[in-house]
Amino acid sequence: MQATASAHPNVALIKYWGKQDVATNLPAVGSLSLTLGGLTTRTSVSFESDLEQDELVINGVPDAGALSRVTRCLDMLREHAGVKDFARVNTSNDFPTGAGLASSASGYAALVKAAAAALHIDIATEDLDYIARIGSGSAPRSLHAGIVLLEKTSGLTGTRCHSVAIPDDWPLSVVVAVTSRQPKDVSSTGGMESSRKTSSAYKGWVDTHPADLEAGLGFVRQRDFAALADISEHSCLKMHAVAMSSMPPLVYWSGATLACMQRIRELRKSGVPVFFTIDAGPQVKAVCMPEAVSKVHKALAEVPGVIDVLDCYLGNGAWVES
Ligand code: PMV
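Residues numbered from 1 in each chain as written. Predicted model: local features only at pLDDT ≥ 70, side-chain atom pairs only at ≥ 80, totals over all residues. Heavy atoms only, no water.

With respect to the domain arrangement of the chain
Using the following cut-off: Note: domain ranges come from an automatic or database domain assignment. Contact criterion: two residues are considered in contact whenever any of their non-hydrogen atoms come within 4.5 Å of each other. Two parts placed together each lose some accessible area under a 1.4 Å probe, and the buried area is that loss summed for both. By definition here, a salt bridge exists when the distance from a side-chain nitrogen of Lys or Arg to a carboxyl oxygen of Asp or Glu is within 4 Å. For this analysis, a polar contact is any N or O atom pair within 3.5 Å, provided that within protein one partner can donate a hydrogen and the other can accept it, and provided that sequence-adjacent residues contribute only side-chain to side-chain pairs. Put simply, DSSP marks the helices as runs of H or I at least four residues long and the strands as runs of E at least two long, and each gets a number from the N terminus on. Here the nonpolar group is Ala, Val, Leu, Ile, Met, Phe, Trp, Tyr, Cys and Pro; Asp, Glu, Lys and Arg are the charged ones; every other residue, Gly included, is treated as polar.
You can read the domains of the chain as domain 1 (2-166) and domain 2 (173-314). The gap between the C-alpha centroids of domain 1 and domain 2 is 23 Å. Counting residues at the interface gives 32 residues for domain 1, matched by 50 residues for domain 2. Summed over both sides, the interface between domain 1 and domain 2 buries roughly 3300 Å², with carbon and sulfur atoms accounting for 74% of that surface. Area buried by domain 1 at its contact with domain 2 is led by Ile14, Lys15 and Trp17, which between them contribute 26% of it. The interface formed by domain 1 and domain 2 includes one salt bridge. With a closest N to O distance of 2.6 Å, Lys15 and Asp279 form a salt bridge. Connecting domain 1 to domain 2 are ten residue pairs in polar contact (both at pLDDT 80 or more). Contributing elements (two or more residues each) for the side of domain 1 that touches domain 2: strand 2 (10-14), strand 5 (31-37), strand 10 (147-152) and strand 11 (159-165). If you tally residues by element for the side of domain 1 that touches domain 2, the top one is strand 5, at six residues. Residues of the side of domain 1 that touches domain 2, tallied by class, amount to 20 nonpolar, ten polar and two charged.

Here we look at the side chain of Ser33
Summarising the element assignment, Ser33 is placed in strand 5. Of the polar contacts made by the side chain of Ser33, one reaches the side chain of Arg141; its length is 3.4 Å. Beyond its immediate sequence surroundings of up to four residues, Ser33 is in contact with Asn10, Val11, Ala12, Leu13, Arg141, Gly146, Ile147 and Val148.

Quick word on the nonpolar core
Our working rule: Here, nonpolar core refers to any group of buried Ala, Val, Leu, Ile, Met, Phe, Trp, Tyr and Cys residues whose side-chain atoms link them within 4.5 Å. Under the scheme applied here, a residue whose accessible area is under 20% of the maximum for its type counts as buried, over 50% as exposed, and between as partly exposed, the area being computed with a 1.4 Å probe on protein chains only.
Within the largest apolar cluster, 33 residues are counted, with the highest numbers of intra-cluster contacts made by Val45, Phe47, Leu74, Leu77, Val89, Leu111 and Val112. Secondary-structure elements contributing two or more residues to this core are strand 1 (2-7), strand 6 (41-48), helix 1 (67-81), strand 9 (86-93), helix 2 (103-118) and helix 3 (125-135). Broken down by element, the residue count for this core peaks at nine residues, all from helix 2. Once you skip the residues sitting within four places of it in the chain, Val45 turns out to touch Met1, Gln2, Ala3, Ala87, Arg88, Val89, Leu111, Ala114, Ala115 and Ala118.

Examining the pattern of salt bridges
As enumerated under the stated definition, the model contains 17 salt bridges in all. Here Asp54 makes a salt bridge to Arg78, at a shortest N to O gap of 2.8 Å. With Asp54 in the loop between strand 6 and strand 7 (55-58) and Arg78 in helix 1, this residue pair connects regions lying 24 residues apart in the sequence. Between Lys203 and Asp207 there is a salt bridge, with its nearest N and O atoms 2.6 Å apart. With Lys203 and Asp207 both in helix 5 (residues 202-222), this residue pair falls four residues apart, about one helical turn. Here the residues in one salt-bridge network are Asp230, Glu233, Arg265 and Arg268, joined through shared partners.

With respect to the site of the ligand
Applied cut-off: If a single non-hydrogen atom of a residue is within 4 Å of a molecule or strand, that residue counts as near it. Areas reported as accessible are Shrake-Rupley estimates using a 1.4 Å probe. Residue values count occlusion only from the protein chains shown. A cavity here means a set of 1 Å grid points, computed over protein atoms only, where a 1.4 Å probe fits but cannot escape. A pocket is an open set with protein on both sides within 12 Å along at least 5 of 7 lines, and lining residues have an atom within 4 Å of a point. Any molecule with more than half of its atoms within 2 Å of a cavity's or pocket's grid points is regarded as sitting in that cavity or pocket.
The ligand sits among 15 residues. The nearest are Tyr16, Ser136, Ser138, Arg141 and Ser188. A distance of 2.5 Å separates an oxygen atom of the ligand from a polar atom in the side chain of Ser138. When the ligand is considered free in solution it has 390 Å² of accessible area, and contact with the protein chains removes 92% of it. At a threshold of 2 Å from the grid points, most atoms of the ligand map onto the largest pocket. Of the residues assigned to the shell around the ligand, the class counts are six nonpolar, five polar and four charged. Two domains each put at least three residues into the shell around the ligand: domain 1 (2-166) and domain 2 (173-314).

Points about the layout of surface pockets
If a probe the size of a water molecule is rolled over the atoms, the empty space left behind becomes visible. Here is the rule we go by: Grid points are joined across faces, edges and corners, and a volume is the space filled by probe spheres set on the points.
Taken as a whole, the largest pocket encloses approximately 1100 Å³ of empty space. Ser103, Ser104, Ser136, Lys184 and Ser188 are the residues nearest the centre of the largest pocket, which is lined by 45 residues in total. Among the secondary structure elements, those contributing two or more residues to the lining of the largest pocket are strand 2, strand 6, strand 7, helix 1, strand 9, helix 2 and helix 4 (188-198). For the lining of the largest pocket, the element with the most residues is helix 2, which contributes five residues. Looking at the lining of the largest pocket residue by residue, the classes come out as 17 nonpolar, 21 polar and seven charged.

What follows is the structure in structure tokens.
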């Protein structure tokens, strides 16, 4: 009863910010994301009859903080399999953890994939997506390849997630400028709840989001990079405007974040096909056409405060290793 699975993090172009239900991470809005090949979380799960509770080790260090959520996902899978054994979970990331690179998304995607394989259960994609969502709202997106739509539905789980373009359909690249390796102060769940309760911009965000999502999806279908750039930067800045107008304010950016955004806008003005997006952390993701990667990489590496630059490409959904 042991298996190992891997998953990539993902980055949203049309952002998710805000929960309709915190307990099940039901998002207030849908989202459109890119699965980031080049960054990987690898997770082993082993169900053992002599354990008295689940055990979680992240990057070699026991982690009690995330254990209750991990146990919640494992309980759902155990119930499905009719198994009672607790599990030893060992997970590691080859990129900075908890700093806005969506390690929770790849973490929960790899966890549910590995646990389902270890338990030998044949589970519907929608059910695995839902169990991953219990772990992290953006995790279902990491179970799918390429460009991924997470949409709200009136069905039982309230969401549906699927790939709208596989990597070969439109091989976009993502250059990540790392500006800090520190875990963020305010979790995205804490930030989203604070925005929902205190930001006067929150209602406008939720009301205008469906049109942004529809537009983003249309531009992906038309392979219209310039239009996708505009709507994606708009969605990113609108999300951060909601965060910044919360009380207390949530400013996830550093000086280097802003400098990278400016550099990316200059590049686009000069004809380089590139745009930025930023999650709940100070890292900047520059989405570009593959031919622009080396130019974008070089430009971002020169920005003061950038400590590392990682080249990513569109990746596959989570997969079982063994
Ligand atoms: O999966 P969570 O709960 O960490 O939410 C992440 C939300 C953002 O990364 C800020 C935006 C997004 O859509 O990925």
